[in-house]
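# Fold and geometry: a report
Residues per chain, in single letters:
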Amino acid sequence: MDENQNEMAISSSGISHHPGHDIFKHKMDWEYAMRREMQEIVPSLYLGPYAAAMKSRLDILQSVGITHIVCIRHEMEAHFIRPNFPCHFKYLVLDISDSPTENIIRHFRETKCFIDECMSQGGKVLVHGNGGICRSAAVVTAYIMAKYSISCSDALSVVRNHRFCICVNEGFLQQLMEYEHIYKAECLFQPVAFSTSSGSWKRKREVDAEEELVSQQCIAILQPHQSSSQ
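As the structure is a computational prediction, the values presented were derived from the model and not from experiment. (Residues numbered from 1 in each chain as written. Predicted model: local features only at pLDDT ≥ 70, side-chain atom pairs only at ≥ 80, totals over all residues. Heavy atoms only, no water.)

Nonpolar side chains tend to gather and get buried jointly when the protein is soluble and globular. Grouped together as the largest cluster of nonpolar side chains are 41 residues, with contacts concentrated most on Leu45 and Ile144. Per-element accounting of this core gives the leading share, nine residues, to helix α4 (residues 135-147). (Core = buried A, V, L, I, M, F, W, Y, C linked by side-chain atoms within 4.5 Å. Buried < 20%, exposed > 50% of the residue type's maximum accessible area, 1.4 Å probe, protein only. Helix = DSSP H or I, 4+ residues; strand = E, 2+ residues; numbered from the N terminus.)

Laid out in structure tokens, this is it:
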């Protein structure tokens, strides 16, 4: 299927939003065609395929408010998976092979810094690979896990509830589980930073409160699921 045919499979909006944006309380009703769209996984963080970042998608990306894009591809895919709008968005390009033996964990810290920078500026970020199914899903899962202090399995559930077609390979799953231990250990030794600016301190408290609320919502929704599976 060529690029034009790919784009014909995308809905007229090119994006899937969850009604009410209550991301941890509801599971999105999934349709097969939605795999060609990008979905908002947590506030301001979108996951999708390269089709969502094609040249004809500029208006949609801008209307949503995307400011940053993480483009994931192997170097052999660089001729067709590439940054299309370097003048419009800030890009982070990661060379990652879609292989269970690929060392993807080494990119998690860099990606988190990039996404956190976007969020701190009030922006929105799209993470895409080729199909938006494996590599990009693993990167988004790692970010959510560390950002909201939840487990690997819980973070995967959050991502899958909004993009049902994800399928992270076994090698990436193992690295995500390793990363869970790493980020938790880092949290124990993370220094507390204080700002002398009252405005910065107020904003930090607001962000911390929002993240704590999201974490509590996630835990509250996942607990019944975990109980039923035991």
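Where two aromatic rings form a pair, the distance of their centres and the angle of their planes describe that pair. With the rule as written, the count across this model stands at three aromatic pairs. For the pair Phe108 and Tyr179, a centre-to-centre distance of 5.0 Å together with 65° between the ring planes defines the contact as edge-to-face. Taken together, the residues span a long stretch of sequence, with Phe108 in helix α3 (residues 108-120) and Tyr179 in helix α6 (residues 170-188) at a distance of 71 residues. Note on accessibility: Phe108 and Tyr179 belong to one class, buried. Relative to Tyr183, the ring of Tyr179 has its centre 6.3 Å away and its plane inclined at 45°; by these criteria the two rings are tilted. On the criterion of helical spacing, the pair formed by Tyr179 and Tyr183 is a turn pair, its members being four residues apart in helix α6. Of the two residues, Tyr179 and Tyr183, both sit in the buried class. (Phe/Tyr/Trp six-rings, centres within 6.5 Å; stacked < 30°, edge-to-face > 60°.)

Now for the environment of Ile96. Topologically, Ile96 is positioned in the loop between β5 (90-95) and α3. Assessed through its relative accessible area of 0%, Ile96 is described here as buried. In contact with Ile96, other than residues within four places in its own chain, are Ile72, Arg73, His74, Glu102, Ile104, His107, Arg135 and Phe172. (Contact = heavy atoms within 4.5 Å.)

Everything listed here is a matter of geometry and, on its own, says nothing about what the molecule does.
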